Amino acid sequence: MARPLRGPGLDSAAGQPTQLLRRMMVIRAFEAALAARPDHGFQLFSAGQEAVAVGLCAALETGDQLLTSGRSIAPALARGLDPGRVMAEILGRVAGPARGKGGRGHLAWPSEGFFGAHAVVGGNLSIAAGVALAFQIEGRRDVVACLFGDGACGAGALHETLNIAALWKLPLLLVCDNNQLSVSTPRSQALAPARLSDLAAPFGIPGATVDGMDVAAVRDAAARFVARARVGDGPALLECVSERFSSHSTATRETRPKDQMAAILARCPIARLAGELQRAGELGSADIAALEGDVAREVALAVAFANASPLPDPAEALTDVG
Amino acid sequence: MSAEPVAGTMKLFFREAIARALREEMQADARVILLGQDVGAFGGSYKEFARLQAQFGPARVRDTPVAEAAMVGLGVGAAAAGLRPLVSITYMDFLMLGLDPLVNYAAKARFKTGGQITVPLVVKTTAGARGQGVAHSQCLEAWMMGVPGLAVVAPSTPADAYGLLKAALRHDGPVLYVDHKRLFPTAGEVPLAETVLPLGRAATRRQGRDVTVVSHSFMTRVALEAAERLATEAISCEVIDLRSLAPLDLDTVASSAARTGALLTLEEGQLTCGIGAEIAFQVREQAGPIRTARVGAAPAPVSSNPVLERAALPDAERVAAAVRRLLDAPPAERP
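Just so you know, these numbers come straight off a predicted model, no measurement behind them.

Undergrad: Report on the nonpolar core, specifying residues and quantitative values.
TA: Core analysis: the biggest nonpolar cluster contains 202 residues, and Cys146(A), Leu172(A), Leu173(A), Val175(A), Val152(B) and Val153(B) have the highest contact counts within it. If near-sequence neighbours (up to four positions away) are discounted, Val175(A) is found in contact with Leu56(A), Ala145(A), Cys146(A), Leu147(A), Ala222(A), Leu238(A) and Cys240(A).

Written as structure tokens, this is what we have:
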């Protein structure tokens, strides 16, 4: 290997419910802080879909790699990337892992286990299979996860990748974050299969559909498939049915009616887990308040870190080409 | 071409030169792998991968399904993760199916990650017409020359095929390597010693005084044939083989054109937004006004019908006629 691809390692408590809750809260607060800035440009947010990213990343280990679609802030933070560096990258500052050159939709920090986002729908699927092929050829025990939206499921890229990954038993977990909308087109009008995970069956690989608003369900399903892939049993397809709380992007108008939005917002994965933990007696309201304060401080620090970093010199438009 | 052996070289067909380059690079570097349709036991459509799977095994020399988009994507991902894959796309027409990972990801990965990820990938394909019809004949090199971050090479001799392929496999960014169907039946002298030919260097194939003819790949042979005919009319052609289209060796072309005072570009692809249009403009920018003309395919699909195929493509007679017209034209005026 020309370059080590080690990751940060989630601490052993990372898969525990309070850590899952905390990570989801950081993502929600991070995106809110970003949305409030006039200089954020154009963003694709994950509000409502935090449980998919956090549940998946809780199942990954240090040396594994995650590739994502352009809706990548939640997966990047869920993978444990430093929020200050991520904020710097999104705001185009040189303290970003790509010196602000990738920005929204192209976050990447491979040495931290986040191989990166790619803002072409379905564009990262075969790339992820290629990373998995490299791992397999090198005899590594690491696994590659690729997160994509339901919008990618109608494209040939998914079907070509499923075929090759199944044929070669690649250490690959394909995770569809099915937020049920391609910009404004409902999934029912774009995709024929009733269950997207059924797409695994013709290729002879396991598939499952879970509630993407339930972080523990996502974590457990992902962990099962990651364990298979790690011992050489090949790829799997996991569908997580989620809800997008805002429009496709900050530049796209919302097309869903208000009463539908109210029902969707009532399914918040963060409120759901917090409520479960409170009912189980694991967290009290004072604990939740303390957690909220802690998260707000972490995000404020991230914003301050990014603000302190300069924009690149225009000469960097011509560096690292080729 | 001399029938006598040349000291320090051996005569190889294109397929042999390609296989030799791959064999040497795969022996030297375990990261080099080969992916493509029928590259394994079959040995490639032109036998250019013959016996590589037997030598290096099915893990490193892999037959793929007919799925160009995923094939290129696999190569791109494997390269980004540290391997050095060569992905074989049988014909250049089919490369269109794999352009997303090549153009949107591979060519931009180093830039968009601030240097964290590089994509040392070679996509090898075969262009050109040889009786196979409208979707198996195209020369699309010009499309790819304008992609920042992507190198494009197209050899016209077995020695260059060998040397350029080795350089491509050692390059740290993505390289599109383009063969030509009509070159596979040809042979040429290749150095016995291991040779790497750097990207971005044109070769002057014939020296001349009156006109510079610049071309690449199979059309270089057509240019040389035209130059032979014109020599009998006391017209002296300098023939430059670009070898590398990106990066482009503009200095070699521009200095020759400035010396001869006339530039004819020759390509098998389309003239509109073609290689000739680009070179003529760049030469003008560097060397000032020079009489220019361009020869390329007719603005029509290339049929498998031999009469229609010949009618659509440049040949030595058309090139010679274009040179005569160019030299009869008045000198270029300063703007």
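Undergrad: Residues and numbers for the confidence of the model for chain B, please.
TA: When pLDDT is averaged across chain B, the result is 96; 97% of the residues are at 70 or more. With pTM at 0.95, the complex prediction returns an ipTM value of 0.95.

Undergrad: Can you lay out helix α1 (residues 17-35) of chain A for me, pointing to particular residues and giving the numbers?
TA: Residue and element names in this part refer to chain A. With 19 residues, α1 extends 27 Å between its outermost C-alpha atoms, agreeing within 8% with the 27 Å of an ideal straight helix rising 1.5 Å per residue. Along α1, the residues classified as buried are Leu20, Leu21, Arg23, Met24, Met25, Val26, Ile27, Arg28, Phe30, Glu31 and Leu34. Tucked into the core, α1 has its buried residues touching α2 (50-58), α3 (73-78), α4 (83-90), α8 (215-230), α10 (269-279) and α11 (285-307).

Undergrad: Could you give an account of the sheet that holds strand β14 (residues 291-297) of chain B, naming the residues involved and the relevant values?
TA: Residues and elements named next belong to chain B. Across the sheet, which stays open at both edges, the 5 strands sit in the order β9-β11-β10-β13-β14 with mixed pairing between neighbours. In this open sheet, the two edge strands, each paired with only one partner strand, are β9 (203-206) and β14. Ignoring strand direction, the axes of neighbouring strands in this sheet form an average angle of 25°. In this structure, β9 lies alongside strand β11 (residues 237-241), joined through 3 bridges in antiparallel fashion. For Thr204, the partnering residue across the bridge sits in β11 and is Ile240. Against the sheet, helix α9 (residues 250-260) contacts β9, β10 (211-215), β11 and β13 (262-270), and its axis sits at roughly 155° relative to β10.

Undergrad: Describe the pairing of strand β5 (residues 122-127) of chain B, listing the residues and the values that go with them.
TA: All names here are of chain B. β5 sits mainly inside the fold: 6 of its 6 residues count as buried. Neither face of β5 is left uncovered, since the one carrying Val122, Lys124 and Thr126 and the one carrying Val123, Thr125 and Ala127 both have all their residues buried. Across 4 bridges, strand β4 (residues 84-89) lies against β5 in parallel orientation. Of the residues in β5, the one forming a bridge with Val87 is Val123. Note: β5 against strand β7 (residues 175-180), 6 bridges, orientation parallel. Of the residues in β7, the one forming a bridge with Thr125 is Val178.

Rules of the game
- Residues numbered from 1 in each chain as written.
- Chains lettered and ligands numbered in written order.
- Predicted model: local features only at pLDDT ≥ 70, side-chain atom pairs only at ≥ 80, totals over all residues.
- Core = buried A, V, L, I, M, F, W, Y, C linked by C-beta atoms within 7 Å.
- Buried ≥ 20, exposed ≤ 12 C-beta atoms within 10 Å, placed from the backbone.
- Contact = placed C-beta atoms within 7 Å.
- pLDDT = per-residue confidence, 0-100.
- Helix = DSSP H or I, 4+ residues; strand = E, 2+ residues; numbered from the N terminus.
- Expected span 1.5 Å × (residues − 1).
- Pairing = 2+ DSSP bridges.
- Axes fitted to C-alpha atoms, helices over the stretch in contact; angles between N-to-C directions.

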